[in-house]
Amino acid sequence: MNIEKVIFGFFILLAFTLNFGFVLGQIDVAHQHDVFELFAAIVINLIATTLKFGDRTQVGALHLATSLVADLQLVTAALIWGHAEYVSGLGMTPGITSMVVSFAAGALAANLVSVVLLIGETLQHRR
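Residues numbered from 1 in each chain as written. Predicted model: local features only at pLDDT ≥ 70, side-chain atom pairs only at ≥ 80, totals over all residues. Heavy atoms only, no water.

A word on the overall build of the protein chain
Right, on to step 1. Counting its secondary structure elements, the protein chain contains four helices and zero strands.
Right, on to step 2. Along the protein chain, helices and strands appear, N-terminal first, in the series α-α-α-α.
Right, on to step 3. Considered along the principal axes of its C-alpha atoms, the protein chain spans approximately 55 × 25 × 20 Å.
Right, on to step 4. Surface exposure of the protein chain reaches about 7,600 Å², of which carbon and sulfur atoms provide 71%. (Helix = DSSP H or I, 4+ residues; strand = E, 2+ residues; numbered from the N terminus. Areas by Shrake-Rupley, 256 points an atom, 1.4 Å probe, with all protein chains shown as cover.)

Some points on the packing of aromatic side chains
Right, on to step 1. Within the structure shown, the criterion is met by three aromatic pairs.
Right, on to step 2. Note on Phe 10 and Phe 11: the rings are 5.2 Å apart at their centroids and 85° apart in plane angle, and the pair reads as edge-to-face.
Right, on to step 3. Assessed through its relative accessible area of 45%, Phe 10 is described here as partly exposed.
Right, on to step 4. Between Phe 22 and Trp 81, the aromatic rings sit 6.2 Å apart at their centres with planes inclined by 40°, giving tilted as the arrangement. Remark: Trp 81 occurs in helix H3 (residues 58-87) and Phe 22 occurs in helix H1 (residues 3-23); sequence separation between them is 59 residues.
Right, on to step 5. On the basis of relative accessible area, Phe 22 is assigned to the buried category, the value being 0%. (Phe/Tyr/Trp six-rings, centres within 6.5 Å; stacked < 30°, edge-to-face > 60°. Buried < 20%, exposed > 50% of the residue type's maximum accessible area, 1.4 Å probe, protein only.)

Quick look at a nonpolar patch on the surface
Right, on to step 1. A contiguous nonpolar surface patch, about 790 Å² in accessible area, is contributed by Met 1, Ile 3, Val 6, Ile 7, Phe 39, Val 43, Ile 47 and Leu 51.
Right, on to step 2. Counting only elements with at least two residues in the nonpolar patch, the list comes to H1 and helix H2 (35-51).
Right, on to step 3. Structurally, Ile 3 is set in helix H1. (Patch = residues over 30% accessible without salt bridge, like charges linked within 9 Å, V, L, I, M, F, W, Y side chains within 5 Å. Salt bridge = Lys/Arg side-chain N within 4 Å of Asp/Glu carboxyl O.)

What to know about the UniProt feature "transmembrane region" (unreviewed entry) in the protein chain
Right, on to step 1. Per the UniProt record, "transmembrane region" (unreviewed entry) is found at residues 35-54, 61-84 and 96-119.
Right, on to step 2. Overall, residues 61-84 shows 100% helix and 0% strand. The separation of its end C-alpha atoms is 35 Å.
Right, on to step 3. Secondary structure across residues 96-119 divides into 100% helix and 0% strand, with the first and last C-alpha atoms of the span separated by 35 Å. (UniProt positions renumbered as here; feature names shortened; annotations may be inferred.)

A few points about the nonpolar core
One broad trend across soluble globular proteins is that nonpolar side chains are buried collectively.
Right, on to step 1. One finds Phe 22, Leu 38, Leu 74 and Val 100 to be the most contacted residues of the largest nonpolar core, which totals 24 residues.
Right, on to step 2. At the level of elements, H1, H2, H3 and helix H4 (94-124) are the ones that each hand at least two residues to this core.
Right, on to step 3. Ranked by residues supplied to this core, first place goes to H4 with seven residues.
Right, on to step 4. Discounting chain neighbours no more than four positions away, the residues touching Leu 38 are Phe 22, Leu 74, Ala 77, Ala 78, Trp 81 and Val 100. (Core = buried A, V, L, I, M, F, W, Y, C linked by side-chain atoms within 4.5 Å. Contact = heavy atoms within 4.5 Å.)

Examining the side chain of Asn 45
Right, on to step 1. Among the secondary structure elements, Asn 45 is positioned in helix H2.
Right, on to step 2. Every residue in contact with Asn 45, bar those within four places of it in the chain, is listed here: Ala 15, Ser 67, Ala 70, Asp 71, Leu 74 and Asn 111.

Written as structure tokens, this is what we have:
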């Protein structure tokens, strides 16, 4: 068993599941979307992105692209949340919550593509 591949797969799957956990719930109900889970999803996605930098294959480039998209979407969601809470003073209205969750859902789609790529790549390897 290759420990590097285990760690790589672990972070890809953890990024996907944390993102899924954040998005789960009614899109406009703020208390169903935890800010700490969004923060954890961002941190794990950034770690997964750094793990993808070494691969110079076409699949590696797609892995990196999906991670960069997920990072951008999640950071945007966090910035919107932060702006609503601390800059504008509006708080998490249903409209703002919907925007945050929509950006996180976009990241979830990118993470799903990354998981599908990982599964496809794994199935192609022969012993």
